[in-house]
Amino acid sequence: MNKVILMGRLTKDPEVRYAQSNEPLAVARYTLAVNRRFKRAGEQDADFIGCVAFGKTGEFAEKYFKKGQMVGVVGRLQVRSWDDNEGKKHWTTEVVVEEQHFAESKSSFESNRGGDFVPKAPAPAAPQPSGNADGFYPIDESIEDDDLPF
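Since the model is a prediction, treat every value here as computed from it, not as a measurement.

Participant: A description of the confidence of the model for the chain should follow, citing residues and the corresponding values.
Facilitator: Confidence in the prediction of the chain, expressed as mean pLDDT, is 81, and 73% of residues score 70 or more. No element of the chain has a lower mean pLDDT than helix 2 (residues 106-112), at 70, and none a higher one than strand 1 (residues 4-10), at 96.

In structure tokens, the structure reads:
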């Protein structure tokens, strides 16, 4: 199975070219900055993943996607190789986009837009319920294992 699901911010506006054929085919390329879950000292906190969208999907990206926008992508991983003019072999890995979605509201994106993108402040933390100081809730000891639904 080859399925990739990503959510990240566009590093720049998509670049679109049209393939030369009887019916020109849009080929949009863009890079998503996808935050890493964990960061080690000295490492960057995001991966920059190349994506390519063909046809109507590419035209959509050209028309509606802008630098800094949060985008969700579903696709497949593709590895390509080629030889340059000097005979040196090159490899690239990219996501071939099958679906792409807006991952934030237009107003949220526009309110944060400016020179450098600054994400909105996180929502305030939910109030903590009262309970024991260790953060655990007391349980009803009269419940038997046979009464549990799992």
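Participant: Break down the pairing of strand 3 (residues 25-35) for me, with residues and values.
Facilitator: Relative to strand 3, strand 1 is paired through two bridges, and the arrangement is antiparallel. Paired with Leu10 across the bridge in strand 3 is Leu32. When strand 2 (residues 15-19) meets strand 3, the two strands line up antiparallel, connected through five bridges. Its bridge partner being in strand 3, Ala19 is matched across the sheet by Leu25. In this structure, the hairpin formed by strand 2 and strand 3 is closed by a connection of five residues. Note: strand 3 against strand 4 (residues 46-54), nine bridges, orientation antiparallel. Its bridge partner being in strand 4, Val34 is matched across the sheet by Asp47.

Participant: Go over helix 1 (residues 55-64) with me, naming the residues and quoting the values.
Facilitator: Those residues of helix 1 not exposed but buried are Gly55, Gly58 and Ala61. Each buried residue of helix 1 sits inside an arc of 120° when the element is viewed along its axis, so together they form one side. In helix 1, the exposed positions that point more than 90 degrees away from the buried face belong to Lys56 and Lys63.

Participant: Please give an account of the packing of aromatic side chains that cites residues and values.
Facilitator: The final tally for this structure, using the stated rule, is five aromatic pairs. A ring pair is formed by Phe60 and Tyr64, whose centres lie 4.8 Å apart and whose planes are at 45°; its orientation type is tilted. With Phe60 and Tyr64 both in helix 1 and four residues apart, this pair spans about one turn of that helix. Ring geometry for Phe65 and Phe102: centres 5.6 Å apart, planes at 80°, overall edge-to-face. Of this pair, Phe65 sits in the loop between helix 1 and strand 5 (70-83) while Phe102 sits in strand 6 (residues 89-102), and the two are 37 residues apart along the sequence. The structure contains a cluster of three or more aromatic residues connected by ring pairs, namely Tyr30, Phe60, Tyr64, Phe65 and Phe102.

Participant: Now, about the pattern of salt bridges: what can you tell me, with residues and values included?
Facilitator: Scanning all chains against the criterion turns up seven salt bridges. We note a salt bridge from Glu104 to Arg9, for which the minimum N-O separation is 3.1 Å. In this pair, Glu104 sits in the loop between strand 6 and helix 2 while Arg9 sits in strand 1, placing the two residues 95 residues apart along the sequence. Pair check on accessibility: Glu104 and Arg9 agree, each one buried. A salt bridge links Arg36 to Asp47, with the shortest nitrogen-to-oxygen separation between them at 2.6 Å. Of this pair, Arg36 sits in the loop between strand 3 and strand 4 while Asp47 is found in strand 4, placing the two residues 11 residues apart along the sequence.

Participant: How would you sum up the nonpolar core? Please name residues and give values.
Facilitator: A general tendency of soluble globular proteins is for nonpolar side chains to be buried together. Counting residues in each nonpolar core, the largest one holds 15 residues, and the members touching the most others are Leu6, Tyr30, Leu32, Cys51 and Val73. For this core, the secondary structure elements donating two or more residues are strand 1, strand 3, strand 4, strand 5 and strand 6. The dominant element in this core, judged by the number of residues it contributes, is strand 3, at four residues. In contact with Val73, not counting residues within four places along its chain, are Val4, Ile5, Leu6, Tyr30, Leu32, Val95, Val97, Glu99 and Gln100.

Calculation criteria
- Residues numbered from 1 in each chain as written.
- Predicted model: local features only at pLDDT ≥ 70, side-chain atom pairs only at ≥ 80, totals over all residues.
- Heavy atoms only, no water.
- pLDDT = per-residue confidence, 0-100.
- Helix = DSSP H or I, 4+ residues; strand = E, 2+ residues; numbered from the N terminus.
- Pairing = 2+ DSSP bridges.
- Buried < 20%, exposed > 50% of the residue type's maximum accessible area, 1.4 Å probe, protein only.
- Arc of directions from axis to C-beta.
- Phe/Tyr/Trp six-rings, centres within 6.5 Å; stacked < 30°, edge-to-face > 60°.
- Salt bridge = Lys/Arg side-chain N within 4 Å of Asp/Glu carboxyl O.
- Core = buried A, V, L, I, M, F, W, Y, C linked by side-chain atoms within 4.5 Å.
- Contact = heavy atoms within 4.5 Å.

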